[in-house]
Every structure is written in C-alpha cells, then in structure tokens.
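Now for the letters of each chain:
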Amino acid sequence: MASEELPIDPSLWPEPPPKEKVEEYLAELEKGPWPSHVTELKKTKYPVYIYGMGLVAGVTPWATSAAKAPGIYSGVLSRMSHPWTRINPPIFEDHARVLIPSAQVFTTTLLRFLIEASRRYGWGLMQFIGGTGDVVLNVVREKLIELDVFLRRIGLDIGGSGDVMRNTVSCPGPLLCPYAIYDTLKARDFTYSCLIDWATYPQFPYKIKFKYSGCPIDCLKAQARADYVVIGTWRGAPDIDNERLKQWIEEGGDVEELVKSCPTGAISWDGSRLNIDGSKCVKCMECIRRTYPAIKPGREKGLTVLVGGTIKSRTGPKLAKVLIPFIPLPSPDKLEEALMTMFQVIRDRIVPKWDEEGWRRERIGDTLIRVTWHRFLSDFAKFDPDLAAKITKAKPTEPYYTYGITFFNMSEEQKKKYLEDLEKAMESWQ
Ligand code: SF4
Ligand code: SF4
C-alpha cells in the first residue's frame, strides 16, 4: 500500500530542524568507545533520520495512527511521521505485539524465526521489553497478515494491546529459582490455553493483567502491577532442616540476627533449637533468604490470589489485595485444578460483572474502590456473606487481608510512603 500525501498546513507547525543539524546530532551519537544505537539502527530499514529530527527538536516525530487487518483484532500498534516533520507522504510505522513463551525463554530456533520474521515482514527491528514481557516486531503494514500467518505457523499469536488481557507474565520459577513453590511457567501457559480469546479480542472496559510469582518475594512486583496476581505460599511455619541449620551456624550464620530479622517475632532460639510460630509467620521469606536451604517454604503449599494492583490508574498506584488467601496445592500435578478454582472466581464471576459495571478505562482495582471492597467480595466475587465479612473486617495484624505480602518486604520508609500515597489516592477519589 503506497501511502498518499496528506494536506499539511505549515502555519500550524514549527519549522523542522535543518538537515545539517540532524546529521551532526546523529553523527555525534555514533562517536565514543561504546556501541552506538544509531549505528545499529542504520543496519536496519528504520528511518533513522526521523529519529534524529525528534532528538534535535526535543519532541516526538511520531503521531498516532491505526492499522487494521482482517482477523487481527488486537496487538498492532501504529504510528506515522508527525505533520511537523513535513515528511509527505508520511512514513508509517506499525508494530505487532507477539505473545511469547513463559518467562521469556526462547530456544535459538525460535529466536532465528523471529529474526527472519522481522526481516521478511518488517524493517529488521525487534524490541524485547522486560517488565511487561512483550516482544514487539516492527512490521510493514501491507505485510501484516503474512506476518500473522508466519507467527501462527511457529506457534505464536499476535495480541495483548487495547482493552484485552495483556501479556501475562511469570517469574522464571522452577526453571531457575530454588524458592519456587509452584510452576509459574506452566501456570502462565495454562492461563493462555483457557483465556486466549481475552488476549486477542478487545472486549473489556480496560486492560487486564495476570502475573505469576513463584513465592512471596514476588520478583515481578506483581502485587503492585497486576490486576490478578498469583503468589506461591504455604500454611503455617517455614520448614526447618535442623542438620543444615547446624551447618549454617557452623559456617558463621548469626542466629541472633536471624531471630531479629523476622518482622513479626515468629522465630525464637533457645540456645540449641530454632522454633518458628506458624501462626505469626507472614511469609515474608526473610529467614528463608538468609538460610536457604536450611529453612525452606513450609510443606503445606498453596496459591494466594490477589486482586486490583496497578501503577497507573484512575485512583493512583495501589497494591493488590488478597482475594483468595489460600488455594491448596498438595502436589505439582494439582496446579491446573488449583488454577481452575481461581478462574471460577475471576473468569466466571468477577470479569463478567466488571464488564457490566466497570467504567471506561477503569481497572479492576479502581472498581473495587468505587463499589467498596465489601460489595466487591459479595457481588463481584460472589463470596458467601460470612466469608466476605471476615475478609473485610480483618484487622491490620492479619496482613494477608489488608496490605498483602509485599508490604512486609518494604523498608519502613517505603511502607510510610505507600500508606501516604494510598491515603491521597483515596482522598482524590472522594
Ligand atoms: S518470585 Fe520467588 S520463585 Fe519467582 S524468581 Fe523470585 S524468588 Fe524465585
Ligand atoms: S518467613 Fe518471615 S515472617 Fe515467617 S518466620 Fe520467616 S522471617 Fe518470620
């Protein structure tokens, strides 16, 4: 599709920077001992000159645009050269968001396929985004359908932008980490197998994010960033291996420090034996981090499900609240069953109700503030009134029901700031 000239009224826009200045600026960025991103961009078909114009002018050289292709309803982001650049006909730049394997683990074969796709159907550019777990492939608009077919052949989908379920992210879990309480990678794959339509067809008031952290350390910061958060946890006290603990002490481990490090005073030491009071343990992982593998997550494993975390939203940043304190996970092969218990609440009750009552561009965390936590639990999650009342009336000493797990991993200063921000957000809402 050859792009057509657009009517541009020069009086509406400032003069673009002179060509020599743009070239001088770009040349400067290629100097020095470090690899230059400009030199690398020049190896692709990316319009580096437009990028340089934006740098010199100090404003973006891109304006929003839209790309549509039959069968692709979500996952394509589009922009075009801004009228102020005077580039006419404009240059279009489209990107496809690719739903990638869990924990961003790529085989070299898959990477080669992605490189091939970016060269064959785009400008030879790929972007790997850490936090959201997205891979974005630059694509030439008229080749969008061909790219979609190519990606499907290698087992990938385009999706995850707009009012859909965004890219679901898991920590590396058992692949790399000894603390993992459940298989986060499998949980993410299972989510896609149950909810792929949510990722590819825009249908909600706003976006939905699921994140899976293998233990309460929550490396993904899922509690602060996702609408639905699944964290591996356990019931009662962490598991102590006395032989290994003895070895840890012989190698210089400081038991007094260990006792002091527990934020709730759950650990005691009688001079020869370590005890942990499971009823006081808030699963902060501190003792485990200090002594692993002498102290490990407890044996009665399970999943904690939280709802409503966001960084940006109508009511400001907020940590997700605990929705389902504990779904037992007696053995790894029961993971799908445990996740189905969660989906029965989220997929079958909360999301349809949110779809009905949610305001435009309102994340689920905003909705639950607007409708109140109590009504959310009874009308959205459809919990039994006794359970809803128990959760709403829980005291701050019952951390799962109030601030969740990550709160206890914050420094005192961070806790103070978080509570202040939360208060401000609540004020601005009222
Ligand atoms: S969240 Fe826990 S299991 Fe996952 S990578 Fe971090 S420490 Fe490991
Ligand atoms: S996990 Fe945290 S709260 Fe539980 S015993 Fe260890 S340090 Fe204490």
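- If you check an unreviewed UniProt entry, the chain appears there as Hydrogensulfite reductase from Caldivirga maquilingensis.

1. Here we look at the overall build of the chain
Part 1 of the reasoning: When you go through the chain residue by residue, the secondary structure sums to 15 helices and 15 strands.
Part 2 of the reasoning: Over its C-alpha atoms, taken along the principal directions, the chain stretches across nearly 80 × 55 × 45 Å.
Part 3 of the reasoning: Each of the 430 residues in the chain was classed as buried or not, and the buried ones make up 36%.
Part 4 of the reasoning: Residue pairs in contact within the chain that sit at least 24 positions apart in sequence constitute 67% of those at least 6 positions apart.

2. Topic: the site of ligand 2
Part 1 of the reasoning: Around ligand 2 lies a shell of 14 residues, among which Cys262, Cys281, Cys284, Glu286 and Cys287 are the nearest.
Part 2 of the reasoning: Class assignment for the residues of the shell around ligand 2 results in 11 nonpolar, one polar and two charged.

3. Structural notes on the site of ligand 1
Part 1 of the reasoning: Around ligand 1 lies a shell formed by Cys171, Pro172, Gly173, Cys177, Tyr179, Ala180, Ser213, Gly214, Cys215, Ile217, Asp218 and Cys219.
Part 2 of the reasoning: A class-by-class count of the residues in the shell around ligand 1 yields eight nonpolar, three polar and one charged.

4. Concerning the sheet that holds strand 15 (residues 321-328)
Part 1 of the reasoning: The sheet built from five strands is open, its strands ordered 7-8-9-14-15 with mixed pairing. Pairing within the sheet leaves two strands with one partner each, and these edge strands are strand 7 (169-170) and strand 15.
Part 2 of the reasoning: As paired strands, strand 14 (residues 301-307) and strand 15 are joined by five bridges and run antiparallel to one another. Residue pairing across strands places Leu306 opposite Val322, the latter belonging to strand 15.

5. Notes on the domain arrangement of the chain
Part 1 of the reasoning: Parsing the chain into structural domains produces domain 1 (10-158), domain 2 (169-235 + 300-429) and domain 3 (239-296).
Part 2 of the reasoning: Relative to domain 3, the C-alpha centre of domain 1 lies at a distance of 51 Å.

6. Here's the deal with unusual backbone geometry
The bulk of non-glycine residues show a negative phi, and the bulk of peptide bonds are trans.
Part 1 of the reasoning: Here the residue pair Asn88 and Pro89 is connected by a cis peptide bond, since its omega of 5° sits within 30 degrees of zero.
Part 2 of the reasoning: Here Pro89 shows up in the loop between strand 2 (76-81) and strand 3 (92-99).
Part 3 of the reasoning: Here Tyr292 and Pro293 are connected by a cis peptide whose omega angle stands at 5°.
Part 4 of the reasoning: Of note, Pro293 is situated in the loop between helix 10 (286-291) and strand 13 (295-296).
Part 5 of the reasoning: Although it is not a glycine, Met285 sits at a positive phi angle of roughly 80°.
Part 6 of the reasoning: Within the chain, Arg361 stands out as a residue other than glycine whose phi angle is a positive 55°.
Part 7 of the reasoning: Summarising the element assignment, Arg361 is placed in the loop between helix 11 (335-357) and helix 12 (364-371).
Part 8 of the reasoning: Given 12 C-beta atoms within a 10 Å radius, Arg361 is considered exposed.

7. Here we look at the nonpolar core
Part 1 of the reasoning: Membership of the largest hydrophobic core comes to 77 residues, with the highest contact counts inside it found for Val98, Val229 and Leu306.
Part 2 of the reasoning: Top contributing element to this core by residue count: helix 11, with seven residues.
Part 3 of the reasoning: Apart from residues no more than four positions distant in its own chain, Val229 is found in contact with Lys211, Ala222, Gln223, Leu306, Gly309 and Ala320.

8. Notes on the environment of Asp379
Part 1 of the reasoning: Within the element layout of this structure, Asp379 appears in helix 13 (residues 373-380).
Part 2 of the reasoning: With 30 residues separating them in the primary sequence, Asp379 and Arg349 have C-alpha atoms 8.7 Å apart.

9. Looking at the environment of Ser11
Part 1 of the reasoning: As for its placement among the helices and strands, Ser11 is situated in the segment before helix 1 (19-28).
Part 2 of the reasoning: Sequence spacing of Ser11 and Cys194 is 183 residues, and the spatial spacing of their C-alpha atoms is 53 Å.

10. Here we look at the UniProt feature "domain: Nitrite/sulphite reductase 4Fe-4S" (unreviewed entry) in the chain
Part 1 of the reasoning: In this structure's numbering, the residues bearing the UniProt feature "domain: Nitrite/sulphite reductase 4Fe-4S" (unreviewed entry) are residues 161-378.
Part 2 of the reasoning: Along residues 161-378 one finds 37% helix and 17% strand; the C-alpha atoms at either end are 30 Å apart.

11. Brief notes about the confidence of the model for the chain
Part 1 of the reasoning: Mean pLDDT over the chain stands at 88; residues scoring 70 or higher make up 91%.
Part 2 of the reasoning: When the elements of the chain are averaged for pLDDT, helix 15 (residues 412-429) gives the smallest value, 66, and strand 13 the largest, 98.
Part 3 of the reasoning: In the predicted structure, residues 395-405 sits below a pLDDT of 50 and forms 23 contacts with residues beyond four places in sequence or in another chain.

Conventions and cut-offs
- Residues numbered from 1 in each chain as written.
- Chains lettered and ligands numbered in written order.
- Predicted model: local features only at pLDDT ≥ 70, side-chain atom pairs only at ≥ 80, totals over all residues.
- Helix = DSSP H or I, 4+ residues; strand = E, 2+ residues; numbered from the N terminus.
- Buried ≥ 20, exposed ≤ 12 C-beta atoms within 10 Å, placed from the backbone.
- Contact = placed C-beta atoms within 7 Å.
- Near = placed C-beta within 6 Å.
- Nonpolar A, V, L, I, M, F, W, Y, C, P; charged D, E, K, R; others polar.
- Pairing = 2+ DSSP bridges.
- Domains from an automatic or database assignment.
- Core = buried A, V, L, I, M, F, W, Y, C linked by C-beta atoms within 7 Å.
- UniProt positions renumbered as here; feature names shortened; annotations may be inferred.
- pLDDT = per-residue confidence, 0-100.

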